[in-house]
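Structural features, examined
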Amino acid sequence: VASRTKLPHLALSVDRFALANGLRVVLSPDRSAPTVGIAVFYDVGFRSEPEGRSGFAHLFEHLMFQGSASLDKGEADRLIEGNGGLANGSTHSDYTNYISQLPVNALELGLFLEADRMRAARLTEDNLRNQIEVVKEEIRVNVLNRPYGGFPWIDLPPVMFDTFNNAHDGYGSFADLESATIADAADFFRRYYCPANAVLSVAGDLDPDSTRAFVQEHFGGIPRRRAPKVPDCFEPLPDRERRSSMVDPLAPVPAMAVGYRVPDPIARLDEYLALVVASEVLAGGEPSRLYQRLVKHDRVATHTFAMVGTFGDPFDVRDPTMLQLLAYLPPGVGVDPVLVAIDEEVSKLSAGPEPAEVDRVVTAMVSDYVRHLDSVLERAMTIGILEQQRHQPELVNELPAALARITPTQVAAAVGRWMGGPGRAVLEVVPGAAA
Amino acid sequence: VTVAAVPEVGPPRPLRPPRVSQRALANGLRVSVARRAGIPRFEVSLRIPTVLAGRADLAARQLVLAETLLSGTATATSVEISEAAQRLGGSLSTSADADWVVVSGSALSVSVVPFLRLLAEVVCEATFPAAEVALQRDRVVQEIVLARSQPETIARDALVARYFGRHAYGRGTPEPEAVAGVRPAALRAARDNRLLPSGSELVLVGDVAAPRALDAVESALGGWRGPARATSDHQLARPAPPAPGPTVIVDRPGAVQTNIRLAGPAVPRGHADFPPLMLANMIFGGYFTSRLVDNIRERRGYTYSPGSGVEHRQVASTFTVAADVGRDVTAAALVEILYELGRMVSTLADPAELEAARRYVQGTLAMAIQTQAGLTSYLATLASSGLGIEYLREYPRLLNQVTVEAVREVSGRYLAPTRLITVMVGDARIIRAGVEALVDVELQSRRESAG
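Here's a quick rundown of the structure. Since this is a predicted model, take the numbers as computed values, not measurements.

Here we look at the packing of aromatic side chains
Applying the stated rule across the entire model yields 27 aromatic pairs over all chains. With 6.2 Å between their ring centres and 90° between their planes, Phe305 of chain A and Tyr328 of chain A make a pair best called edge-to-face. With a gap of 23 residues between them, Phe305 of chain A in strand β9 (residues 303–308) and Tyr328 of chain A in strand β10 (residues 322–328) connect regions that are remote in the sequence. Taking the centre distance of 4.6 Å and the plane angle of 45° together, the rings of Tyr287 of chain B and Tyr360 of chain B count as tilted. Here Tyr287 of chain B, found in the loop between α9 (274–286) and α10 (291–299), pairs with Tyr360 of chain B, found in helix α12 (residues 351–368); they are 73 residues apart in sequence, far enough to count as distant. Tyr287 of chain B sits in the buried class, given a relative accessible area of 7%.

Structure follows, in C-alpha cells:
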C-alpha cells in the first residue's frame, strides 16, 4: 500500500479592510507575480430576480460594460486591453463578478475602472436594445442552437426546486429580456451596485500600502447606500423523488442528471465537504465508483460526471444547492437501469469508503485546488467570493487541510443522510436527433 | 455625478523570459525545463510526432492510439494507472491531432520522480489490452457522435475539408466506423513504429530545480528505445493553398444561428510577416476592442462572440474568422465581415489602434507564460515550431517595429477577402437566398454519423 503523498501547505497572504462606505477589500500581495488580478463581486445573482424579470442580472452585467458617467461605451475595455490587460464579467446564481488581469503598471487604472463602474452607470436605450440582442445571441449559441445546451444548469433546477428564485432559468426568457427597461436597470443599479454590497479583491504583484491608498482614493468617495438583504431562498428538502423528462431535439444520445440536496455550504462546511469528497469518490474520473460500475461493468453509460454547486464550483454558492450526478447513455438505454446501479453504489458508499480511497481522492482534489491558484486572477476570485459569502478570505489557505481532515466515517454518514433518502430530482434527456 | 479623470499608466515592464535548461538524451528525446515556483506543483507535456499518410483509417488509429495509451501496461491496469496518478496529486491525459500524440500531466512537485516513472511506463510499455481497447473505442465513437452534433464541430470539419481537401489536415473528426475497426495489434505496431523518442519534445515547468528535473526525466525516459526516425518520415507534405471558390453552406435545418467561418493562408511564427500579421489580426478581430467585435456585436447585435485568429499546424498556418450569428442576419453579418476585411486591406489603421493591439499582445504574452500550465504550453509550442526561448525576447521587439503601413501591407497578403474561403453552417432554406445575392454558393447536406 502506497503511503500518502504529503499535502502542500498554502500561505497566500490575505489583508482585509473596509472603507467607510461599506466596501470590503481583500488584498493578496505576491511580489513574484508579474501581473495583478482584480475581481469585484456584487452580492446579486440570478436567484435575486423577481418573476417577470428572469435573466435581468445577467443582462445588467452586460450593461455595466456600456459606459459610465466618465467613460463612453467601449472606453473601459479599450483602456484595459490597450494597456495589455484582459477583462470580463460573469453572472452566477448568488453573485455577479467583474474581473481583470493587468500588467502591474496598470493596477491603478484597473482600480479606477472598477470604482468608475460602481460610482455611476451610463444607461441608454440604444445600449440596452443592443445588449438585449447580444444576450439573445449568447443564449442561442450556448443553449438553443446546440444539443444539451441547458444541461444541467438550466434544466435540472426546475425539477428539484419549487420557488421562482431557485427554479428559474438564469439566462432568462426572450419575453422577459425584451421587456426590460432603462428604469428597471436604474433601479437595479441603485439597489444592488453599492459599495456595501460589494467586495473588491486584488492579488498579485502589488504594494499593500500604495494599493490601499489607490483604493481609498478611487472608491472612498462613492456614497454609502444600505446593502439589500440577501434573498431568502430556503426550500424544505423534498420528501419524494421528482422526475422529469425532456426531449432535446438536437441531442443524438440520451443523457440524465440526478440531483441531491446538500447541507448548507456555509453553515455546515464539514458535512458539505464530506459530500464534495463523496462526489469525487463517486464520479471523479476513471477510478471513480460510478465510472467503474456504469461505464466499465454494466455498460449502461459512456460518460459520468459529478459536480456540486450551480456551475461546479462548490465554494461559490449558498444554500440551497445540489450535488449533481450526470451521465451520457448509449443509444436506447433508459434511466431506470442507471438509477438502480447508482442507488446500489450510493448504498455501498454509505457503508463507508476505503480509507486509502478517500486519501487518494483528497490528494487529487487538493492538488487540483492548488493548481487553479497559480493564476493571480483565480486567486483574486477565490479570495473575493470567500470574503463575500463567508467573511473568511483566509479559508483560501485552510481548505486543503479542511479537506484532508474529512474521514471515511464522515463521508459515509453524509452520503447516507443526503443521498440515501427518496427526495431527489431525476431528469431524463430524450434524444430528438437519434439516427 | 462627478466625472473622474483616468489615471496615467506608466511604461510597461519589459518581459522577463524564464530561464530554460535543455538536454538532449541519447535516444533523441529533447527535454526543456523551467523553474516556476508559484505553487508546489509541476506540469509536463510530451509531444511525439506521428505522421499520417492521410488515409482515414490512420486518422482514426491516431485518435484511438492516444485514447487507449493509458489503458494498461504489463504491470498496471488502466484503473491502477489513474489511481497512481491521483495518489501523486496529479493526472495524466492524452490527445492527438494530425501532427502529434501529446501526453500531458501535472502533479505535486514532491511527486516528480514517481510521476515521470508513471508517464514513462505508459509511453514505453502500453500493452493495449483487448477488452480495454474495445471499451475505449466505444467511448470514442460516442464522443464523435456527441461532437458531431455540436455546430462548432460541424463547422470546423466543413472548414478543414474545404480548406485542406484530401490532405491529412482535411480529415476533421474521424468516421465512427473507422474508429470501430482499429485493432489492438495495429496499436501495438503504432507504439513500436510511431511512438519514438527521436524527434519528440518534453517540457517540464514547476517548483522543481532544473538539474533535478532534467535528471528525473533522463532517469525515467532514458531507456525509451525505438528505431531512429528518418526526417522524411515525420514531414507531412505542405498543403497547397485552397483554390478560391463558392461559399459552402452546410445545411442544418432548424438552426437558429449560422456559424460563419473564413480561412486563408498565413505564415508560421518565425516568418518576418508574422508580427505585423498578428497585429493586423488583432485590429481586425483578435480581441474584444477590435473592429469586428465593435461592428457586429457592439453596434449591430448580430452575434455574441465573433473573432479572428492565426492558427498554426506543423506545415500550415491559417488566418481564420469565426462568427455565430442570428440566422436572420446571416447575409448582413457577412457584408460587415467582408467590409471590415476590405477596410484592413485598403486603408491605414489609426496609430492608436496599432499601439493598443501591440500593448495587448505584449501584455497578454506576459500573462500566458505566468502560470506553470501556461508556460508549459508556450514552451511546447516554441519547441515544436523550431524556435528557441530567445523568441520570447525577439517577438516583443519585432512587434515594436511594426508600422501602420506594414499592417496594411500584410493585410493585403493575408486578410484580403479574395484569398479566403468561406463555410457556413445553418438553415439553408432561410439563409441561402440572402447569401447568394452576395457570393456564389455551393450547398452541402450534412455528413450523417451513425448514432
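Describing the side chain of Ser317 of chain B
Residue and element names in this part refer to chain B. Structurally, Ser317 is set in strand β10 (residues 316–326). Using a relative accessible area of 10% as the deciding quantity, one classes Ser317 as buried. At 2.9 Å, the side chain of Ser317 forms a polar contact with the side chain of His312. Among residues more than four places away in sequence, those in contact with Ser317 are Tyr163, Gly264, Pro265, Ala266, Val267, Pro268, Glu311 and His312.

What to know about the packing of helix α1 (residues 56–63) of chain A against helix α4 (residues 125–144) of chain A
Helix-helix packing is described using two parameters, namely the angle between the two axes and the distance between the axes. Residue and element names in this part refer to chain A. As a packed pair, α1 and α4 sit with axes 10 Å apart at the nearest point and diverge in direction by 120°. The orientation of α1 with respect to α4, classified from their angle, is oblique. The two elements α1 and α4 meet at a crossing, and its hand is right-handed. Here His58, Leu59, His62 and Leu63 of α1 come into contact with α4, specifically with Asn127, Leu128, Gln131, Ile132, Val134, Val135 and Glu138. Within the contact of α1 with α4, the residues separate by chemical class into six nonpolar, four polar and one charged.

Digging into the pattern of salt bridges
Inspection of the entire model under this criterion finds 60 salt bridges over all chains. In this structure, Glu345 of chain A engages Lys348 of chain A in a salt bridge whose closest nitrogen and oxygen atoms are separated by 3.1 Å. One end of the pair, Glu345 of chain A, and the other, Lys348 of chain A, are both in helix α12 (residues 335–350), three residues apart, so they sit about a helical turn from each other. Given the relative accessible area of 45%, Lys348 of chain A is considered partly exposed. Note that Arg41 of chain B is salt-bridged to Glu43 of chain B, the shortest N-O span being 3.5 Å. Via salt bridges that share partners, Glu241, Arg243, Asp336, Asp343 and Arg424 of chain A belong to a single interconnected network.

Let's talk about the interface of chain B and chain A
In this assembly, 73 residues from chain B lie in contact with 79 residues from chain A. Where chain B abuts chain A, roughly 6200 Å² becomes buried across the two surfaces, and 58% of that area is made up of carbon and sulfur atoms. For the interface between chain B and chain A, the tally reads seven salt bridges. The salt bridge partner of Glu298 of chain B is Lys73 of chain A, with a shortest N-O separation of 3.8 Å. Summed over the shared surface of chain B and chain A, the number is 34 residue pairs in polar contact (both at pLDDT 80 or more). In terms of residue count, helix α4 (residues 130–148) of chain B provides more of the side of chain B that touches chain A than any other element does, nine residues in total. Class assignment for the residues of the side of chain B that touches chain A results in 31 nonpolar, 25 polar and 17 charged.

A word on helix α16 (residues 408–419) of chain A
Over its 12 residues, α16 of chain A runs 16 Å from end to end, which matches the ideal 16 Å to within 8%, given 1.5 Å per residue. Turning to α16 of chain A, the residues buried within the fold contact β8 (255–261), α10 (269–283), β10 and α12 of chain A.

Observations concerning helix α2 (residues 78–87) of chain B
Here α2 of chain B lies mainly inside the structure; eight of its 10 residues are buried. Looking at the packing, one finds that the buried side of α2 of chain B touches α11 (289–297) and α13 (355–372) of chain A together with β4 (91–96), α3 (112–125) and α4 of chain B. One or two positions beyond α2 of chain B, positive phi appears at Gly89 of chain B, with a value near 70°.

A few points about the nonpolar core
Ranked by size, the top nonpolar core spans 73 residues in total, and within it Leu275, Val277, Leu325, Ile342 and Met419 of chain A carry the most contacts. Sorting elements by how many residues they give to this core places α10 of chain A first, with 11 residues. Apart from the residues lying within four places of it in its own chain, the contact partners of Val277 of chain A are Val358, Val361, Val362, Met365, Leu403, Ile406 and Val411 of chain A. Listed in part, the 59 residues of the second largest apolar core include Leu279, Phe319, Leu341 and Leu379 of chain B.

Structural notes on the sheet that holds strand β11 (residues 425–431) of chain A
All names here are of chain A. Spatially, β7-β11-β8-β10-β9 is the arrangement adopted by the five strands of the open sheet, whose pairing is mixed. One side of each edge strand has no neighbouring strand; the edge strands of this open sheet are β7 (242–248) and β9. Strand after strand, the sheet turns through a mean of 15° between neighbouring axes, direction not considered. When β7 meets β11, the two strands line up parallel, connected through seven bridges. Bridged to Arg242 within β11 is Ala425. In the packing of α10 onto the sheet, the strands contacted are β9 and β10, and the crossing angle to β9 comes to about 170°. Here α11 sits on the sheet and contacts β9 and β10; the angle it forms with β9, its principal contact strand, is near 150°.

Thoughts on the environment of Ser68 of chain A
All names here are of chain A. Positionally, Ser68 belongs in the loop between α1 and α2 (75–82). Note on Ser68: relative accessible area 4%, which makes it buried. If near-sequence neighbours (up to four positions away) are discounted, Ser68 is found in contact with Asp116, Ala120, Ala121 and Arg122. At a separation of 2.4 Å, a polar atom in the side chain of Ser68 contacts the side chain of Asp116.

A short note on the environment of Phe174 of chain A
Residues and elements named next belong to chain A. Here Phe174 shows up in helix α7 (residues 174–178). For Phe174, a relative accessible area of 23% gives the class partly exposed. Taking C-alpha positions, Phe174 is 44 Å from Ala413, a pair spaced 239 residues apart along the chain. Residues in contact with Phe174, not counting those within four places in the same chain, are Lys136, Ile139, Arg140 and Leu144.

Conventions and cut-offs
- Residues numbered from 1 in each chain as written.
- Chains lettered and ligands numbered in written order.
- Predicted model: local features only at pLDDT ≥ 70, side-chain atom pairs only at ≥ 80, totals over all residues.
- Heavy atoms only, no water.
- Phe/Tyr/Trp six-rings, centres within 6.5 Å; stacked < 30°, edge-to-face > 60°.
- Helix = DSSP H or I, 4+ residues; strand = E, 2+ residues; numbered from the N terminus.
- Buried < 20%, exposed > 50% of the residue type's maximum accessible area, 1.4 Å probe, protein only.
- Polar contact = N/O pair within 3.5 Å; in protein donor to acceptor, adjacent residues only side chain to side chain.
- Contact = heavy atoms within 4.5 Å.
- Axes fitted to C-alpha atoms, helices over the stretch in contact; angles between N-to-C directions.
- Parallel < 35°, antiparallel > 145°, perpendicular 65-115°, else oblique.
- Left-handed = near helix turned anticlockwise from the far one by under 90°.
- Nonpolar A, V, L, I, M, F, W, Y, C, P; charged D, E, K, R; others polar.
- Salt bridge = Lys/Arg side-chain N within 4 Å of Asp/Glu carboxyl O.
- Buried area = accessible area lost by both parts, 1.4 Å probe.
- Expected span 1.5 Å × (residues − 1).
- Core = buried A, V, L, I, M, F, W, Y, C linked by side-chain atoms within 4.5 Å.
- Pairing = 2+ DSSP bridges.

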